[in-house]
Structures are given as structure tokens and as C-alpha cells.
Amino acid sequence: MAGTPDPLPLTDFQMAVEQKGEAAVVRLTGAVHMEVCDQLQKELLRLVDRPTRTLILDMSQLTFICSLGLGALVAAYVRSRRQKGAVRVVSPDPAIRAMLEVTKLVQIFPPYESVDTALAGP
Amino acid sequence: MPVVPFDQALPHRIVIASDLHAARQVEEQVLRLTEAKGYSKECAFAIRLSLEEALVNAHRHGNRCDAAKKITVSFRIDRRRAVIRVSDEGSGFDPCCVPDPTCPERICLPNGRGIMLMRSYLDEVTYSPRGNEVQLVKERC
């Protein structure tokens, strides 16, 4: 797992949303830890419930995610799919990519190399 | 047979309220010890992930998010391995009955991945007979 981010300090989580046409680009920064997963899920579902066809999750600055955080992504994916939308993940670091592979979530979240390629999708 | 028997005492023991903020503080304390003992970032990532899963399970499933209940974390982090135990006040569960979250019919469920992740990232994950205490072992790397 070359490139694994340093797990210390336990960085705070931040998310910033930018609307790009019918897509929302969500930049996730820091660590999705146990205290912020509910907040993350609420925000992602709120975005999916808006007339947003595609949700792009930029993970390039994400250092950690727990299973509840992965669950928040899955919940957004399921709701989005019901509404004929899509959720795409971009540039997870090797440690988080490995988690997607271990959990087989890579099947529903094949990582995109950049926000632009994710916007162009599928 | 676990590498460290459950009845063997561990040098550090912290009892916290069943609360996620308190749980994170314990997590940080454990990670600082792994850093001090020279564990690699990959190893520390695995320990952080697994400890987080164990603490969340204790809080949510064991103690049912009841802040009046306690979570006990015992640990020994030495130059050979990290041994961490997390226990709750719940009635326990049978870890053999937890379904595989990677099978096609469960892949789109939002939860159920914690135990599988712990098993994937650690050298050993063992439950007490009652099922309300888990022992996590990670060899130093």
C-alpha cells in the first residue's frame, strides 16, 4: 500500500460542493471517521434528492474512511440509481482503493482518474 | 487458539462512556503508541480502521447507543505486535452468523462491512465466548 496517508493526526473532515451543470462535484478532505458518517450520509442524500443527475466524489484529499463512511456512499448510490442518476468516485488513494477492492465496492464504484473523466463518464 | 489468551491481562485499560467522541480519543491514544513504537503507516492504517470498526460495533450494536453504558478498551502495543480488546455491555452475538457483505445480494446494503474489514486487515480477530468482546491482533510491520 505505497502512498498510505499518515493516520496521525486524526484530521478533521471537510466537504465542499460545486455544481457543474447537472452534476455535483463533492470534494472530500481529511478523514471520514465514526463521528462524521451520519453527517456525510445526510449531505450526500440531500444532494442526490436535488435534481442532480450525477454525484462526483473527489477523494483525492481523503485520508481515511471507515465502513460507515463506505455505507454512506452506498446509500447515496442506491438512492441515486433509483432516480436514474449516478455516483462516481475519483482518485481514491491506494489505501482507500484497496478498501473498495476488499469490500468489492469497486464493482459499483470503479474509480475514475479525474473529475473531468468522471463528468464525461460512464 | 488466539495468540494472546483472553484471560491474559493487558497493561493499558480505559473505560469510556458509550460515546463516539470518547471512542475517538481512545483511538488517537492507541495510534500515538503505534507511532511511538515505529509501526509503519500501512500497519497504523489497518489498526485504526479495525479499532474504529470494533468501537462502532460496541457502541451501536452492543450498547445500542446508550451513553449510560460503557465500552472498555484494553491494549498492549509493543515492538512485536498490537493486541487490543474492545468490550461492551451488550448480550453479545455469534460472529459466525454475520453474512458475507461482498455477495451480490448484499453489496448494495449500507452496512455489515465492519467485521469483514477487521478480518481483512488484521492477523487475528477473536471473539469471547459470549460475543461481547473482540480481540484484535496486528503483527508489527
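The structure this text deals with has already been given above.
Every chain begins its residue count from 1, and numbering advances along the sequence as written. Here chains are named by letter from A upward and ligands by number from 1 upward, in the order in which they appear as written. Totals for whole chains, interfaces and linings use all residues, but because this is a predicted model, local features are given only for residues with pLDDT of at least 70 and pairs of side-chain atoms are given and counted only at 80 or more. Note: side-chain values were computed over all heavy atoms of the structure, leaving out hydrogens and water.

**Quick look at the packing of aromatic side chains**
- Only Phe, Tyr and Trp rings are paired, with Trp represented by its six-membered ring, and only when their centres lie within 6.5 Å; those with planes under 30 degrees apart are stacked, over 60 edge-to-face, the remainder tilted. One pass over the full model with this rule turns up four aromatic pairs over all chains.
- Measuring from ring centre to ring centre gives 5.7 Å for Y77(A) and F109(A), while their planes differ by 75°; the resulting arrangement is edge-to-face. On the criterion of sequence distance, the pair formed by Y77(A) in helix 2 (residues 67-82) and F109(A) in the loop between helix 3 (94-102) and helix 4 (115-120) is long-range, its members being 32 residues apart. Taken individually, Y77(A) and F109(A) each receive the classification buried, so the pair is uniform in this respect.
- For the pair F45(B) and Y121(B), a centre-to-centre distance of 6.4 Å together with 45° between the ring planes defines the contact as tilted. Of this pair, F45(B) sits in helix 2 (residues 41-62) while Y121(B) is found in helix 3 (residues 114-121), placing the two residues 76 residues apart along the sequence.
- The class of F45(B) is buried, set by a relative accessible area of 1%.
- Among the aromatic side chains, those forming a connected cluster through ring pairs are F64(A), F45(B) and Y121(B).
- Charge over a ring is defined by NZ of Lys or CZ of Arg lying within 6 Å of the ring centre and within 35 degrees of the ring normal. Above the face of the F64(A) ring, R48(B) is positioned so that its terminal group lies 3.9 Å from the ring centre. Every helix listed is a DSSP run of H or I at least four residues long, and every strand listed is a run of E at least two residues long, numbered separately from the N terminus. Residue burial is assigned from relative accessible area. The probe radius is 1.4 Å, only protein chains are included, and a residue is buried under 20% of its type maximum, exposed over 50%, and partly exposed in between.

**Regarding the packing of helix 1 (residues 20-36) of chain B against helix 2 of chain B**
Residue and element names in this part refer to chain B.
- With their axes 10 Å apart at the nearest point, helix 1 and helix 2 run at an angle of 155° to one another. One way to sum up the angle between helix 1 and helix 2 is to call them roughly antiparallel. The element helix 1 and its partner helix 2 pack so that their crossing is right-handed. Touching L20, A23, R24, E27, V30, L31 and T34 of helix 1 are A44, I47, R48, L51, E52, L55, V56 and H59, all from helix 2.
- Partitioned by chemical class, the residues of the contact of helix 1 with helix 2 number nine nonpolar, two polar and four charged. The convention used is that axes are lines fitted to C-alpha atoms, helices contributing only their stretch in contact, and that angles between N-to-C directions extend from 0 to 180 degrees. Roughly parallel covers angles under 35 degrees, roughly antiparallel covers those over 145, roughly perpendicular covers 65 to 115, and oblique covers all other angles. Take the far helix as your reference; a near helix turned counterclockwise from it by less than a right angle gives a left-handed crossing, and one turned clockwise gives a right-handed crossing. It only takes one pair of heavy atoms within 4.5 Å for two residues to be counted as in contact. Throughout, the ten residues Ala, Val, Leu, Ile, Met, Phe, Trp, Tyr, Cys and Pro are labelled nonpolar, Asp, Glu, Lys and Arg are labelled charged, and all others, Gly among them, are labelled polar.

The quantities given are spatial measurements derived from coordinates; they are silent on function.
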